[in-house]
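Architecture and fold: a report
The primary structure of each chain is shown beneath.
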Amino acid sequence: MNYQSIRAQVENPLLTAFGALSPAVPIFFDNITAAPANSTTEYVRLNVTFGITNEPTLSSSVDNAQGAIIIRIFTEKGKGPARNQVLVNTAVDVLETLNNGTKGTTGTYLKVGAIDGPSFSSTENPPMFMSTIDTSFVATVLS
Amino acid sequence: MATRGQELKKMSRALLEQVNEAAREATVRVMNDLAEKGPEWSGDFKNSWMAIPAGKGASGSTGGEYPYTLDDVPKLSTNLAEMRRVTKFRIENRQPYAPYALDLEEGVFRGDRKGNFPIGKVVAKGSRPTPGKRGNVKGGMGEATSTAEKDWYRTYLKGGAMKKAIVEGVRAGLTK
């Protein structure tokens, strides 16, 4: 099982999409401790978690993994939801694009499920306005 | 093509009861999974899962404690109107702090006081933002302790494990 390639399928396009915004919005992945501790500037956190790996398949050359993608978007507090929702749009667009991939004979093929959210809260410390979206994914690693 | 109601009318009472038993079996498995995968500090959260029938006419008690059994899940009515119901049970945790334990809301957590250790397996130690999510414990300085993986609940719901538990539970219930 190539978990790293599955993670890359999610992380890379999100990194590119948020990096292409003007100004670019930093995105922090799992086990990255560089999230701005006292910053009030906007940023994004992405968590990719894995659930079941390799339920029985017809072919031994195929690896399957399921899991969840959780994206939390932090923007300035007290300024309304508009900016946050713009960034949510960016994340949702990327997730939807992931489903456009076509299954080949090699590589990693990933599809996401229904997207829950965004749900909003504003209790994060430092004071930020936070939205969360999450979805399931099923990935197939073809060898 | 027969409607669902017409199909249900053709089913014998024994078969309807078996369908309900399958739902109960699946519910028990999900409750035990949630108890095993969730945080366990005092054990109260683990022992507070309950299955609430979505419809009317159910009998028996709900609640109990881990490991959950069929006795902890009410029996469902075989009334046709109730059998048409897609949602059979709602599984809830009765602890008021459940949204924090499920990593759905941020909270302020008590520190690890002397002589007060979790009975469950510790998966992370360090510091947690204040307020912050339960599972947002990072290594290093600090006395925060986490006994379940970050986002364990979302991962269980979406990572295939819940679906697997339901499929296995229904299979077990139908082959009894």
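Residues numbered from 1 in each chain as written. Chains lettered and ligands numbered in written order. Predicted model: local features only at pLDDT ≥ 70, side-chain atom pairs only at ≥ 80, totals over all residues.

1. Some thoughts on the interface of chain B and chain A
The interface of chain B with chain A comprises 15 residues on the first partner and 17 residues on the second. Per element, the largest residue contribution to the side of chain B that touches chain A is 3 residues, and it comes from helix α5 (residues 152-158) of chain B. Of the residues contributing to the side of chain B that touches chain A, the split by class is 3 nonpolar, 5 polar and 7 charged. (Contact = placed C-beta atoms within 7 Å. Helix = DSSP H or I, 4+ residues; strand = E, 2+ residues; numbered from the N terminus. Nonpolar A, V, L, I, M, F, W, Y, C, P; charged D, E, K, R; others polar.)

2. Describing helix α2 (residues 82-98) of chain A
Residues and elements named next belong to chain A. Look at α2: 25 Å from first C-alpha to last across 17 residues, which is about the 24 Å you get at 1.5 Å a residue. Of the positions making up α2, those classed as buried are Asn 84, Leu 87, Val 88, Ala 91 and Leu 95. The arc that holds every buried residue of α2, seen down its axis, measures 105°, which confines them to one face. Facing away from the buried surface of α2 by more than 90 degrees, the exposed residues are Ala 82, Asn 89, Asp 93, Glu 96 and Thr 97. (Expected span 1.5 Å × (residues − 1). Buried ≥ 20, exposed ≤ 12 C-beta atoms within 10 Å, placed from the backbone. Arc of directions from axis to C-beta.)

3. Thoughts on the nonpolar core
Membership of the largest hydrophobic core comes to 28 residues, with the highest contact counts inside it found for A:Val44, A:Ile69, A:Ile71, A:Ile73, A:Ala91 and A:Ala139. For this core, the elements supplying multiple residues, two or more each, are α1 (3-19), β2 (43-53), β3 (62-76), α2, β4 (107-124) and β5 (128-142) of chain A. Of the residues forming this core, the biggest block, 7 residues, is contributed by β3(A). Residue contacts for A:Val44: discarding those within four places in its chain leaves A:Phe18, A:Val25, A:Ile27, A:Ile71, A:Ile73 and A:Leu87. Listed in part, the 25 residues of the second largest apolar core include B:Ala22, B:Ala35, B:Phe45 and B:Trp49. (Core = buried A, V, L, I, M, F, W, Y, C linked by C-beta atoms within 7 Å.)

4. Digging into the pairing of strand β1 (residues 49-53) of chain B
Residue and element names in this part refer to chain B. Alternating positions in β1 separate cleanly, Trp 49, Ala 51 and Pro 53 being buried on one face and Met 50 and Ile 52 remaining unburied on the opposite face. Where β1 meets strand β2 (residues 89-93), 5 bridges bridge the pair, whose relative direction is antiparallel. When the sheet's bridge partners are listed, Pro 53 is paired in β2 with Phe 89. (Pairing = 2+ DSSP bridges.)

5. Section: the confidence of the model for chain B
Residues and elements named next belong to chain B. Across chain B, the average pLDDT comes to 87, with 92% of residues at 70 or higher. Confidence scores differ between elements of chain B, with helix α1 (residues 4-10) showing the lowest mean pLDDT of 67 and α5 the highest of 95. Predicted complex, confidence summary: ipTM 0.78, pTM 0.84. (pLDDT = per-residue confidence, 0-100.)

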